[in-house]
Amino acid sequence: MSTKEEVLEKLKKSIEELDEDLGTEAAKEAVELKMDPIEAISQGLGAGMQTQSDLFDEGEVFVPQLVVAADIFEQCVGIITADLSEEAKSATSLGKVLICTVESDIHDIGKNIVKTMLAASGFEVIDLGRDASSADVVATAEKEHVDIIAGAALMTTTMPAQRDIVNLLIEDGVRDQFKCMFGGAPVSPEWVKSIGADAYAENAAEAITEAKRLVKELRG
């Protein structure tokens, strides 16, 4: 039987080497050892995802590898949390993120990368896809009780939709219940600050870092 340290190392390696069989084996061992699910997910699988994220930023791995890594991550999380109650499962999630490409914007490659990385880092992600109406974004965020609203704008002409989301939250009197994180090629930290949002992310790795910080702030 493997030790806890060996299982964490195997979980990490399964993501780094895109080895589904190793991941499944390690996840089952984590259950047999009655390991803390949060520890197995963050220190094992999450550490492997961090490696993939760093390699992605350095141009060493590409979107297809990230997608495979995220699939293995999800399968392993499924095994590790299979016997947990819904309440305990939500405790293993770092937080709930609603992600979209904003109204009138049909680009989604960047958004999909961020979604993959968020899910693989332990966040629960609701994806509204591209050209998501600001009203839909706010309504869904309220209904699903998300922690973070993340919206990408890839054209200068669609950036105002990010401001619309913040304004609708204010109109509904729920602005303080959510953290708003925005990004996209034409978007800048200055713009995000000027519209009253909470965070700017330039790339997927930064989105993960900011999302973790925002959830900490929310839960205070």
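It should be noted that the structure appears before, not after, this text.
This text gives an overview of the structure that appears in the document. Fair warning: this is a prediction, and the values are worked out from it, not measured in the lab.

## Concerning helix 2 (residues 20-32)
Spanning 13 residues, helix 2 covers 19 Å between terminal C-alpha atoms, matching the ideal 18 Å at 1.5 Å per step. Those residues of helix 2 that fall on the buried side of the exposure criterion are Leu22, Gly23, Ala26, Ala27, Glu29 and Ala30. Projected onto a plane normal to the axis of helix 2, the buried residues spread over an arc of 160 degrees and lie on a single side. Residues of helix 2 that are exposed and angled more than 90 degrees away from the buried face: Asp21 and Glu32. Elements in contact with the buried residues of helix 2: helix 1 (4-16), helix 3 (37-57) and helix 4 (63-80). Of the residues that open helix 2, the one with a side-chain oxygen 3.3 Å from the backbone nitrogen of aspartate 21 is aspartate 19.

## Quick notes on the packing of helix 1 against helix 4
Their axes nearest at 9 Å, the elements helix 1 and helix 4 cross at an angle of 150 degrees. The angle between helix 1 and helix 4 places the two elements in the roughly antiparallel class. Seen from helix 1, the contacting residues are Leu11, Ser14 and Ile15; seen from helix 4, they are Ala69, Ile72, Phe73 and Ile80. Looking at the contact of helix 1 with helix 4, its residues break down into six nonpolar, one polar and no charged.

## Section: the nonpolar core
Judged by nonpolar contacts, the single largest core of 39 residues is most densely connected at Leu11, Leu45, Met49, Phe73, Ile80, Leu118 and Met181. At the level of elements, helix 1, helix 2, helix 3, helix 4, strand 1 (96-101), helix 6 (109-120), strand 3 (148-152) and helix 10 (204-219) are the ones that each hand at least two residues to this core. Per-element tally for this core: the top contributor is helix 4, with eight residues. Leucine 118 has contacts with Val97, Ile99, Phe123, Val125, Ala207, Ile208 and Ala211, leaving out every residue within four places of it along the chain.

## What to know about unusual backbone geometry
Of note in this structure, serine 104 is not a glycine but carries a positive phi near 70 degrees. Structurally, the position occupied by serine 104 is in the loop between strand 1 and helix 6.

## Some thoughts on a negative patch on the surface
The grouping of Glu20, Asp21, Asp71 and Glu74 at the surface amounts to a negative patch. Contributions of two or more residues to the negative patch are made by helix 2 and helix 4. Residue placement: glutamate 20 occurs in helix 2.

Reading the values: the criteria
- Residues numbered from 1 in each chain as written.
- Predicted model: local features only at pLDDT ≥ 70, side-chain atom pairs only at ≥ 80, totals over all residues.
- Heavy atoms only, no water.
- Helix = DSSP H or I, 4+ residues; strand = E, 2+ residues; numbered from the N terminus.
- Expected span 1.5 Å × (residues − 1).
- Buried < 20%, exposed > 50% of the residue type's maximum accessible area, 1.4 Å probe, protein only.
- Arc of directions from axis to C-beta.
- Contact = heavy atoms within 4.5 Å.
- Polar contact = N/O pair within 3.5 Å; in protein donor to acceptor, adjacent residues only side chain to side chain.
- Axes fitted to C-alpha atoms, helices over the stretch in contact; angles between N-to-C directions.
- Parallel < 35°, antiparallel > 145°, perpendicular 65-115°, else oblique.
- Nonpolar A, V, L, I, M, F, W, Y, C, P; charged D, E, K, R; others polar.
- Core = buried A, V, L, I, M, F, W, Y, C linked by side-chain atoms within 4.5 Å.
- Patch = residues over 30% accessible without salt bridge, like charges linked within 9 Å, V, L, I, M, F, W, Y side chains within 5 Å.
- Areas by Shrake-Rupley, 256 points an atom, 1.4 Å probe, with all protein chains shown as cover.
- Salt bridge = Lys/Arg side-chain N within 4 Å of Asp/Glu carboxyl O.
- Lys, Arg positive; Asp, Glu negative; His and termini not counted.
- Charge placed at Lys NZ, Arg CZ, Asp CG, Glu CD.

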